[in-house]
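Topology and contacts: notes
Given next are the chains, with one letter for each unit.
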Amino acid sequence: MIDRRLTVLRMVAETGTVTATAKALSYTPSAVSHQLKTLSEDLGVVVVEQHGRGMRLTRAGTVLLEHAHELSARWEQMRGEVLEAGDEHQDDALRLCGFSTAAGSLLPAAAQAVRRAFPDSMIGIIEADPEECFELLLAERADVAVVVATEPLPTRNDPRFQQRDLLSDPLDLLVPADHRLAREAGVPLIAAANEDWIMDRPGSTYHRLVTVSCAAAGFQPVAAHVVREWETGAALVGAGMGVSLVPRLARLPAGHDLVRVPLTGDPVPSRRILTGIRRGSDRRPMVAAALAALDEAAREIQETRRPRE
């Protein structure tokens, strides 16, 4: 119901280029340019201007953007309240997105719960990096995101989104089975300061997670090998080529001779996992059901981690 040209404007403000906006919204670049042009014509003011190789909002465009955020949040809230009041919920589709670990351990349970509550609805899962997840929310190609809290992500007070803590996921040190630390019940991260490290490419979420955790422990890891997949990383660790950090939720491939050693410390090195939705959309029945299911899945994970008396 909101003018789609405002969605285009919001995405231009996010990405800074017509090409990236077109990709995010599944439009052609010419369609994006046309919508921006007609928006300016209808308002009687220019809302975007060329800036180097990209686009930026004019002062008028910035004012319009603020109102567009408010309109979007209000529309999401209205939509949810109307669906709640209806005798039959006509909210017929829900799209969940999240990083690889979440897509394997949290999102399936949420999708199953929503499907049980809304058996006639379509439910889809998209595996995506945290930054991409928020673009998917903004483009309305996803409704609920599960992300790792890492830079750069929207701030908690971003007017476009609602974010909340879901789970703290401890990190383990992954070592070969014959490593000097393999039989320890727990070790501080600094114990691995002089090891060769197996890491993801610089700029990735996992690379930032490892470097921030090691910096907090007082050292900078030396990346001996750069990999993108858990399968490759596990194989290299099992072959004695180095060590790595692995989140407790991550499921490692079988067939490699390696050990996960819990990390100690105060606080224990971990990653924060958040949920994100478009602001105001928490009243949509299917979104509310997905958030409740994710909370339940997180509680069950925490329960399994508590030491038995």
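These figures come from a predicted structure and were not determined experimentally.

Overview of the confidence of the model for the protein
- Taken residue by residue, the protein gives an average pLDDT of 91. The fraction at 70 or more is 97%.
- Looking at the elements of the protein, mean pLDDT is at its lowest for helix α5 (residues 100-105), recorded as 81, and at its highest for helix α3 (residues 29-43), recorded as 96.

A word on the pairing of strand β1 (residues 48-51)
- One ladder, built from 4 bridges, connects β1 with strand β2 (residues 54-57); its direction is antiparallel. By the bridge assignment for β2, His51 is matched with Gly54.
- Taking the residues that link successive antiparallel strands as the turn, the β1-β2 hairpin has 2 residues, and the phi of Gly52 there is positive, at about 65°.

Some words on the environment of Ala73
- Tracing the backbone through its elements, the reader meets Ala73 in helix α4 (residues 59-85).
- Ala73 sits in the buried class, given a relative accessible area of 15%.
- Between the C-alpha atoms of Ala73 and Phe161, which are 88 residues apart in sequence, the distance is 8.5 Å.
- Apart from residues lying up to four places away in sequence, Ala73 is in contact with Arg279 and Gly280.

Looking at the environment of Asp129
- The residue Asp129 is located in the loop between β4 (122-127) and α7 (130-138) in this model.
- Judged by relative accessible area, Asp129 falls into the partly exposed class, the value being 45%.
- In the structure, Asp129 is positioned 77 residues away from Gly52 in sequence and 28 Å away in space, judged by C-alpha atoms.

Here we look at α3
- With 15 residues, α3 should reach 21 Å at 1.5 Å per residue; the first-to-last C-alpha distance of 21 Å fits that figure.
- Contact partners of the buried residues in α3: α1 (4-15), α2 (18-25), β1 and α4.
- Where α3 terminates, the next one or two residues include Gly44, which has phi positive at roughly 80°.

Parameters at a glance
Residues numbered from 1 in each chain as written. Predicted model: local features only at pLDDT ≥ 70, side-chain atom pairs only at ≥ 80, totals over all residues. Heavy atoms only, no water. pLDDT = per-residue confidence, 0-100. Helix = DSSP H or I, 4+ residues; strand = E, 2+ residues; numbered from the N terminus. Pairing = 2+ DSSP bridges. Buried < 20%, exposed > 50% of the residue type's maximum accessible area, 1.4 Å probe, protein only. Contact = heavy atoms within 4.5 Å. Expected span 1.5 Å × (residues − 1).

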